[in-house]
Amino acid sequence: MAKLSIRDLKLRGQRVFIRADFNVPLNDDGTVADDTRIRETLPTIEYALNNQARVILASHLGRPKGKVNPKYSLRPVAERLRQLLDERIGRGKQVGFSTDCVGVQAEEMVAKLESSQTLLLENLRFHAEEEANEENFSRQLASLADVYVDDAFGAAHRAHASTVGMTKFLKQNAAGLLMERELQYLGKALEEPARPFVTILGGAKVSDKIGVIQNLLEKVDALLIGGGMAYTFLKAQGFEVGKSLVEQDKIEVARQTLEAARRATDKTGVRFLLPVDHVVAAEMKADAATAIIAPMQPIPADKMALDIGPRTIELFVQEIEQARTIVWNGPMGVFEMPPFACGTTEIAEAVAGNAQATSIIGGGDTVSAVHQAGVAEEITHISTGGGASLEFLEGRKLPGVEALTNK
Ligand code: AMP
């Protein structure tokens, strides 16, 4: 069921509580090191300001564990937000900052807030009640506002006071523009993808992605598995994988997943591809001597696979080139080190080069990889929520989305 959007709300003069994801990296001097997350939510903030709302912004930053800790203050975010709003709509001077997200100061500052002015509240996680989704704290947050807007897709898989608890005290709980875009792209991929639909999964751990594989097996046309996680599957198939990353306690579930993949192939024709050749080294080091293990050959006992090989790249690229929907999460190898970056870079280029496909990328490492490959501009949608997008792809309901008002 479609959720209410900020575009459905009457905003003029209203106190609009926007839950943003301002969980940005900070420099040692306390300034914002990367403002991507602030920029991502600017359209929502500007939309509210342009519609004469009284804007209250809230977020978490880091893991202060329920205690006030200046290291995790959102004050630097207020500074950066001022600059950005000044540059873009000349409203930077009207960004206030409350040193607590609830209580007398927050209440007084909200009371003084005028239309088209903004107030940023201090880190929600300075109160343990936030993550505990505590009722009274939720009520206090809700009392600051007339309507609620959630733009923090990256936190939507957590049932906290600011993502779930406070919504029950407000009549209208809507998705912000960023949240809406995330749900549209990911939702369409799962529900009515243009075909062929190809999913590429990689990264270190099988355990993180087994749920995604299970949910997608009967939805996709091809599932391409690379990265460290592939070796638990190859081991389960009986291949010699040498010193490659293997999650011993996941071999059995990998075996079951391979069985399920075989059944899905019989039923829907889905192609489930694992690496057939590999780039190996004796150690995970940027200056390690590398070798290529030819297709279907065993990996020597003293070597570990750190990237997919050239034949695997070819097979994966063939799938990617004919796709009309592509979802990618997880690098194909240890892309942080140049000798093992080739697989990830070539996959990034193939995904970006397919102009007919809707391409969706999620997960911090994959996002870094497409930036590193210089192709981020050509990706249709770069998701802002790693964990949230994986849970979405697992077919799980995100509590932060469930809490929004149905249209
Ligand atoms: P994840 O956090 O599960 O998405 O995994 C990302 C990490 O997986 C990156 O830091 C990669 O360097 C690492 N990775 C990818 N492929 C391999 C591999 N074959 N062996 C070990 N680590 C890998």
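Residues numbered from 1 in each chain as written. Predicted model: local features only at pLDDT ≥ 70, side-chain atom pairs only at ≥ 80, totals over all residues. Heavy atoms only, no water.

Side note on the overall build of the chain
So, point 1. A tally of helices and strands in the chain yields 14 helices and 15 strands.
So, point 2. C-alpha atoms of the chain, sized along the principal axes, occupy 70 × 45 × 40 Å.
So, point 3. Burial status across the chain gives 55% buried among its 407 residues.
So, point 4. For the chain, contacts bridging at least 24 residues in sequence account for 74% of all contacts bridging at least 6.
So, point 5. In the chain, the 46 positive side-chain charges and the 54 negative ones have mean positions that sit 5 Å from each other. (Helix = DSSP H or I, 4+ residues; strand = E, 2+ residues; numbered from the N terminus. Buried < 20%, exposed > 50% of the residue type's maximum accessible area, 1.4 Å probe, protein only. Contact = heavy atoms within 4.5 Å. Lys, Arg positive; Asp, Glu negative; His and termini not counted. Charge placed at Lys NZ, Arg CZ, Asp CG, Glu CD.)

Things to note about the pattern of salt bridges
So, point 1. Evaluation of the coordinates by the stated rule reveals 26 salt bridges.
So, point 2. Here K267 ties to E218 by a salt bridge, and the two come within 2.9 Å at their closest N and O atoms. With K267 in helix α9 (residues 251-268) and E218 in the loop between α7 (206-216) and β8 (222-225), this pair connects stretches of sequence that are 49 residues apart.
So, point 3. E218 gets classed as partly exposed once you look at its relative accessible area, which sits at 46%.
So, point 4. The shortest N-O distance in the salt bridge between E259 and R262 comes to 2.5 Å. Here R262 and E259 lie together in helix α9, a separation of three residues that amounts to about one turn.
So, point 5. Here the salt bridges do not stand alone but share partners, grouping D35, R39 and R80 into one network. (Salt bridge = Lys/Arg side-chain N within 4 Å of Asp/Glu carboxyl O.)

Some remarks on the site of the ligand
So, point 1. Neighbouring the ligand are 15 residues; A204, G228, A305, E336 and D365 lie closest to it.
So, point 2. At 2.8 Å, a backbone N or O of A204 approaches an oxygen atom of the ligand.
So, point 3. At 3.1 Å, a backbone N or O of G228 approaches a nitrogen atom of the ligand.
So, point 4. Notes on the ligand: free accessible area 500 Å², of which the protein chains cover 81%.
So, point 5. Elements represented by at least two residues in the shell around the ligand include exactly α7 and β12 (304-308).
So, point 6. Taken together, the residues that form the shell around the ligand break down as six nonpolar, four polar and five charged. (Near = heavy atom within 4 Å. Polar contact = N/O pair within 3.5 Å; in protein donor to acceptor, adjacent residues only side chain to side chain. Areas by Shrake-Rupley, 256 points an atom, 1.4 Å probe, with all protein chains shown as cover. Nonpolar A, V, L, I, M, F, W, Y, C, P; charged D, E, K, R; others polar.)

A closer look at the domain arrangement of the chain
So, point 1. In terms of domain boundaries, the chain breaks down into domain 1 (6-178) and domain 2 (185-393).
So, point 2. Centre-to-centre, using C-alpha coordinates, domain 1 lies 36 Å away from domain 2.
So, point 3. At the interface, seven residues of domain 1 touch eight residues of domain 2.
So, point 4. Between domain 1 and domain 2, the buried area comes to about 610 Å², and carbon and sulfur atoms account for 67% of it.
So, point 5. When residues of domain 1 are sorted by the area they lose upon contact with domain 2, F153, H157 and L178 head the list and together hold 72% of the total. (Domains from an automatic or database assignment. Buried area = accessible area lost by both parts, 1.4 Å probe.)

Focus: helix α10 (residues 310-322)
Each α-helix winds once per 3.6 residues, and so residues spaced three or four apart point in a common direction.
So, point 1. In this model, α10 (13 residues) spans 19 Å end to end at C-alpha, consistent with the 18 Å of a helix rising 1.5 Å per residue.
So, point 2. Along α10, the residues that are buried comprise T312, I313, F316, V317, E319 and I320. Down the axis of α10, the buried set is contained in an arc of 160 degrees. They therefore lie on one face.
So, point 3. In this structure, the buried side of α10 is in contact with β7 (197-201), β8, β9 (271-273), β12, β13 (325-329) and α11 (342-353). (Expected span 1.5 Å × (residues − 1). Arc of directions from axis to C-beta.)

Observations concerning the sheet that holds strand β2 (residues 54-58)
So, point 1. Spatial strand order, β3-β4-β2-β1-β5-β6: six strands in an open sheet with parallel pairing. What marks the edges here is a single partner per strand, and that holds for β3 (95-98) and β6 (173-175). In this sheet, neighbouring strand axes are inclined to one another by 25 degrees on average, regardless of whether the strands run parallel or antiparallel.
So, point 2. Here β3 runs beside strand β4 (residues 118-121); their pairing, made up of four bridges, is parallel. Looking across to β4, one finds that G96 is bridged to L119. (Pairing = 2+ DSSP bridges. Axes fitted to C-alpha atoms, helices over the stretch in contact; angles between N-to-C directions.)

Section: a positive patch on the surface
So, point 1. Side chains of R63, K65, K67 and R158 sit close together on the surface and give a patch of like positive charge.
So, point 2. Tracing the backbone through its elements, the reader meets R158 in the loop between β5 (147-150) and β6. (Patch = residues over 30% accessible without salt bridge, like charges linked within 9 Å, V, L, I, M, F, W, Y side chains within 5 Å.)

Overview of the side chain of S359
So, point 1. Looking at the element boundaries, S359 is found in strand β14 (residues 358-362).
So, point 2. The buried category is assigned to S359, whose relative accessible area is 1%.
So, point 3. Other than its neighbours up to four places away in sequence, S359 contacts I326, V351, E378, I379, T380 and H381.

Section: the sheet that holds β12
In any sheet, the strands associate via hydrogen bonds between backbone groups, in a parallel or an antiparallel arrangement.
So, point 1. Taking strand neighbours across the sheet as the criterion, the three strands line up as β11-β10-β12 in an open arrangement whose pairing is antiparallel. With one partner strand each, in any of the chains shown, β11 (290-293) and β12 form the two edges of the open sheet. Geometrically, the sheet is characterised by an average inter-axis angle of 40 degrees between neighbouring strands, direction not taken into account.
So, point 2. Inspection of the sheet shows strand β10 (residues 278-281) paired to β12 by four bridges, in the antiparallel sense.

Considerations on the packing of helix α6 (residues 177-191) against helix α13 (residues 386-393)
So, point 1. Contact pair α6 / α13: the axes reach a minimum separation of 10 Å and the direction vectors enclose 30 degrees. As far as their axial angle goes, α13 and α6 are roughly parallel. Like other packed secondary-structure pairs, α6 and α13 cross with a definite hand, here right-handed. Each of L183, L186, G187 and L190 in α6 lies in contact with α13, whose residues at this interface are S389, F392 and L393.
So, point 2. Looking at side-chain class alone, the contact of α6 with α13 contains five nonpolar, two polar and no charged residues. (Parallel < 35°, antiparallel > 145°, perpendicular 65-115°, else oblique. Left-handed = near helix turned anticlockwise from the far one by under 90°.)

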